[in-house]
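Summary of the model geometry
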Amino acid sequence: TQGGYYRPMWYDRIAAGLDEKGDPVAWKHTIVGQSIIAGTPFESAMVKDGIDGASVEGAADLPYSVPNVLVDLHSPKTGVPVLWWRSVGHSHTAFVVESFIDELAYASGKDPYEYRKGLLAGHQRHLGVLNLAAEKAGWGKPLSEGRARGIAVHESFGSFICHVAEVSVSPAGEVRVHRVVTAVDCGKYVNPDTIRAQMESWIVFGLSAELQG
């Protein structure tokens, strides 16, 4: 690929208030980024009251049990044309939201997997992939010295996915991903090899972008 439109840059800021048990009671997420829908044939259908739904998807529809949620969107306009990069809002909101859930778990002194379980009551498909990925990854079992696990769960366009990554960081700060265990619930499917290929390719695509691109 020699040329094409850029993906927009995004800036996020999240704040939350926790109760005495460490559960979030209020959540404020500010999102700043250029709309990928503005100027396309989809604008009239997808931009409502100045809000590009693709900019806040995965953030404005939190599955986690938080009684008070505010998502604040700012869509600056620049001279740089932007479009999709294999995905829309979910590919950045999932990273931000799940990273912040880890921060809340840490602040609460709780295991990040167990913390998510407690906040996903009633969301059976989220819980299904969360529990399966954690089980298959051996969550809670000892790791080799210098290694750690991270976990994230997200729903996008009717597919529910959980990743567990096993990573290490060298003394020089070099990050190495040793293993990724994935559980996916995409509903009805025809060919399971297609699902496997999609998951494997997206793991490589995402890691190459994050660590190299």
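Residues numbered from 1 in each chain as written. Predicted model: local features only at pLDDT ≥ 70, side-chain atom pairs only at ≥ 80, totals over all residues. Heavy atoms only, no water.

In this structure the tally under the stated criterion is one cavity of 30 Å³ or more. Approximately 40 Å³ is the volume attributed to the largest cavity. Residue lining of the largest cavity: Arg-7, Pro-8, Trp-10, Ile-36, Ala-54, Leu-83, Trp-84, Ser-87, Val-88, Gly-89 and His-92, and that is the complete set. Of the residues assigned to the lining of the largest cavity, the class counts are seven nonpolar, three polar and one charged. (1 Å grid on protein atoms, 1.4 Å probe; cavity = no way out; pocket = protein on both sides within 12 Å on 5 of 7 lines; lining within 4 Å. Points joined across faces, edges and corners; volume = space filled by probe spheres on them. Nonpolar A, V, L, I, M, F, W, Y, C, P; charged D, E, K, R; others polar.)

What follows deals with the environment of Ile-31. For Ile-31, the location among the structural elements is in strand β2 (residues 24-33). A relative accessible area of 0% means that Ile-31 is categorised as buried. Along the chain, Ile-31 and Val-47 lie 16 residues apart, while their C-alpha atoms are 16 Å from each other. In this view, Ile-31 contacts Trp-10, Tyr-11, Asp-12, Ser-55, Val-56, Ala-59, Val-71, Asp-72, Leu-73, His-74 and Thr-93; residues no more than four positions away in its chain are not counted. (Helix = DSSP H or I, 4+ residues; strand = E, 2+ residues; numbered from the N terminus. Buried < 20%, exposed > 50% of the residue type's maximum accessible area, 1.4 Å probe, protein only. Contact = heavy atoms within 4.5 Å.)

This next bit is on a nonpolar patch on the surface. Taken together, the side chains of Phe-42, Met-46 and Trp-84 present a nonpolar region at the surface, about 290 Å² in accessible area. Counting through the fold element by element, Phe-42 comes out in the loop between β2 and α1 (43-46). (Patch = residues over 30% accessible without salt bridge, like charges linked within 9 Å, V, L, I, M, F, W, Y side chains within 5 Å. Areas by Shrake-Rupley, 256 points an atom, 1.4 Å probe, with all protein chains shown as cover. Salt bridge = Lys/Arg side-chain N within 4 Å of Asp/Glu carboxyl O.)

Right, let's talk about the state of the cysteines for a bit. The full count for this structure, using the stated rule, is zero disulfides. No disulfide involves Cys-162; its sulfur sits 15 Å from the nearest other cysteine sulfur, which is in Cys-186. Cys-162 gets classed as buried once you look at its relative accessible area, which sits at 0%. Taking the relative accessible area as the measure of exposure, Cys-186 reaches 23% and is therefore partly exposed. (Disulfide = S-S within 2.5 Å.)

Before going further, it helps to spend a moment on helix α3 (residues 90-108). Helix length check: α3 (19 residues) gives 26 Å between terminal C-alpha atoms against 27 Å at 1.5 Å per residue, within 8%. Of the positions making up α3, those classed as buried are His-90, His-92, Thr-93, Ala-94, Val-96, Val-97, Glu-98, Phe-100, Ile-101, Leu-104, Ala-105 and Ser-108. Lining the buried residues of α3 we find β1 (10-18), β2, α2 (53-56), α4 (112-119) and β6 (147-156). Positioned one or two residues after α3, Gly-109 has a phi angle of 70 degrees, which is positive. (Expected span 1.5 Å × (residues − 1).)

What follows deals with the pattern of salt bridges. Taken as a whole and assessed by the stated rule, the structure comprises seven salt bridges. Note that Asp-23 and Lys-110 form a salt bridge whose closest N and O atoms lie 3.7 Å from each other. Of this pair, Asp-23 sits in the loop between β1 and β2 while Lys-110 sits in the loop between α3 and α4; the two residues are 87 residues apart in sequence, bridging distant segments of the chain. The salt bridge partner of Glu-114 is Lys-117, with a shortest N-O separation of 4.0 Å. Of this pair, Glu-114 and Lys-117 both sit in helix α4, three residues apart, which is roughly one turn of the helix. Linked by salt bridges that have partners in common, Glu-98, Asp-102 and Arg-116 make up one network.

Attention now moves to the packing of aromatic side chains. Applying the stated rule across the entire model yields four aromatic pairs. Measuring from centroid to centroid gives 5.3 Å for Trp-27 and Phe-100, while their planes differ by 85 degrees, and the two rings are edge-to-face. A residue pair is termed long-range when its members are at least 10 positions apart, and Trp-27 in strand β2 and Phe-100 in helix α3 qualify at 73 residues. In this structure, Trp-27 and Phe-100 share a single accessibility class: buried. (Phe/Tyr/Trp six-rings, centres within 6.5 Å; stacked < 30°, edge-to-face > 60°.)

So, about unusual backbone geometry. Positive phi is not limited to glycine here, since Asp-49 has a value of about 55 degrees. Tracing the chain through its elements places Asp-49 in the loop between β3 (47-48) and β4 (51-52). Under the relative-accessibility criterion, Asp-49 is labelled exposed at 82%. Even without a glycine there, the phi angle at Phe-157 is positive, about 55 degrees.

Mean pLDDT for the protein chain: 93, with 99% of residues reaching 70 or above. Element-level mean pLDDT values for the protein chain span from 89 in α1 up to 98 in helix α5 (residues 124-137). (pLDDT = per-residue confidence, 0-100.)

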